[in-house]
Amino acid sequence: MCSISAERAFAMADAYRLIGILLQLPDASIAQGIESGAMQEDLAAILSEIDSTQNAATGPLRHLGERKAAQPVTLTDLRRDYTKLFTNPEHPCVPIYESTYKQTGDFDTSALVFVSPTALDAERIYRESGLAIDSVKHDSPDHMGAEVDYLCALYYRMGEHASNGNSEQAASAHAQKDAFCTTHFLKWAHGFFSLVEENASTPVYRTVGALGSYLAETEQRCIRKAS
C-alpha cells in the first residue's frame, strides 16, 4: 500500500473538497474567492502539501493564472459555464454520472430496470464505510460530486487516524480509498475531467478539469506502486 502522511492526507481531502464545491451550482462566495485570489492561494498551498515539486506553470494551477483584473470572472460567468458543462437540459457537454461511462457488463443488470446498478453499488460502498453522502446535494450516488465527497471524507478519516497514531485505522481507510478508486472513480475520472477541461469556458472550470485529472493520475500511481 502507498503510505501517506497526515498532512498529505488532509491536503488530498482539501483538493477533493474543492472539486466537490465546484461541482455544485456556484454561489457568490465562490465568485468572491476567485476574484480575491483566495482560491488560487488555497490551491497552491494544497498542491504544495501533496507534492512540493508541483510546477504551477504546467499543473492544475496553470489556468487560474489566466484570470485578468480587467476581465474578472463573474458569478454569472461561473453559473453559465456550470450549466453548459453539467446541467443543460438539452445537451450537457459533460455527463456527470458514472453510469453514463460504464460498460453494460460492469454490473449485473438482470433484475434492474430503472435503477442504475453503478449508483446502487456506490451507495452500498458509502453505507458500508459509514460515510453518508448528502442526497440533497447529489441526486444520485454515482454523481461525480458524490464520489469526490466520499474520497474527501476517506482522506480526512485517514489524516485524523494518522495524526492520532492509529496506523491500523489509517491503513483501513487507505484500503477503502484504493478499492473505491479501482472499482469506481478511476473507471471514469480521466474521461470526465478531460472533458471538463476541454469544454470549460472559464479558467475556474478548466482548473477543475486539470485538478481532477491530476488527482486521478496521483491515485493511479499510488495503486500501481502498491501492486
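Scroll up to find the structure this text is about.
Residues numbered from 1 in each chain as written. Predicted model: local features only at pLDDT ≥ 70, side-chain atom pairs only at ≥ 80, totals over all residues. Heavy atoms only, no water.

Per the secondary structure count, the protein includes 9 helices and 0 strands. The secondary structure elements of the protein, listed N-terminal to C-terminal, are α-α-α-α-α-α-α-α-α. The proportion of buried residues among the 227 residues of the protein is 44%. Sequence separation of 24 or more characterises 72% of the internal contacts of the protein that already satisfy a separation of 6 or more. Of the roughly 11,200 Å² that the protein leaves accessible, carbon and sulfur atoms contribute 51%. (Helix = DSSP H or I, 4+ residues; strand = E, 2+ residues; numbered from the N terminus. Buried < 20%, exposed > 50% of the residue type's maximum accessible area, 1.4 Å probe, protein only. Contact = heavy atoms within 4.5 Å. Areas by Shrake-Rupley, 256 points an atom, 1.4 Å probe, with all protein chains shown as cover.)

Turning next to the packing of helix α3 (residues 38–50) against helix α9 (residues 203–226). Viewed as axis vectors pointing N to C, α3 and α9 meet at an angle of 10 degrees, and their least axial separation amounts to 13 Å. Here α3 lies roughly parallel to α9, going by the angle between them. For the pair formed by α3 and α9, the contact residues are M39, L43, L47 and I50 on the first element and V204, T207, L211, Y214 and L215 on the second. Its residues assigned to classes, the contact of α3 with α9 comprises 8 nonpolar, 1 polar and no charged. (Axes fitted to C-alpha atoms, helices over the stretch in contact; angles between N-to-C directions. Parallel < 35°, antiparallel > 145°, perpendicular 65-115°, else oblique. Nonpolar A, V, L, I, M, F, W, Y, C, P; charged D, E, K, R; others polar.)

When two helices pack together, their arrangement is given by the angle between the helix axes and the distance between those axes. Two elements in contact, helix α4 (residues 75–87) and helix α8 (residues 189–199), have axes separated by 11 Å at closest approach and are oriented at 140 degrees. Put simply, α4 runs oblique to α8. Handedness of the α4/α8 crossing: right-handed. Between α4 and α8, the contacting residues are K84, L85 and F86 on the first element and F192, V196 and N199 on the second. (Left-handed = near helix turned anticlockwise from the far one by under 90°.)

This brings us to the nonpolar core. Y16, F86, M144, F185, F192, Y205 and L215 are the most contacted members of the largest nonpolar core, which has 59 residues in total. Not counting residues up to four positions away in its chain, the partners in contact with Y16 are V148, L151, C152, Y155, F185, L215 and E219. (Core = buried A, V, L, I, M, F, W, Y, C linked by side-chain atoms within 4.5 Å.)

Each disulfide is one covalent bond, formed between the sulfur atoms of two cysteines. Under the counting rule described, the total for this entry stands at 0 disulfides. In this model C181 remains outside any disulfide bridge; the closest cysteine sulfur is found in C222, 8.5 Å from its own. According to the relative accessible area criterion, C181 is buried, its value standing at 0%. Residue classification places C222 among the buried positions, given a relative accessible area of 8%. (Disulfide = S-S within 2.5 Å.)

This brings us to the side chain of H63. On the secondary structure map, H63 appears in the loop between α3 and α4. Judged by its relative accessible area of 9%, H63 falls in the buried class. In this structure the side chain of H63 is engaged in a polar contact, spanning 2.7 Å, whose partner is the side chain of E197. Apart from residues lying up to four places away in sequence, H63 is in contact with E197, P203, R206, T207 and A210. (Polar contact = N/O pair within 3.5 Å; in protein donor to acceptor, adjacent residues only side chain to side chain.)

A separate point is the pattern of salt bridges. When the charged atoms of two side chains lie near each other, side chains of opposite charge can form a pair. Following the criterion strictly, the structure yields 7 salt bridges and no others. For D121, the salt bridge identified is with R124, shortest N-O distance 2.9 Å. With a gap of 3 residues between them, D121 and R124 both fall in helix α5 (residues 117–129), about one helical turn apart. By relative accessible area, D121 is classed as buried at 15%. (Salt bridge = Lys/Arg side-chain N within 4 Å of Asp/Glu carboxyl O.)

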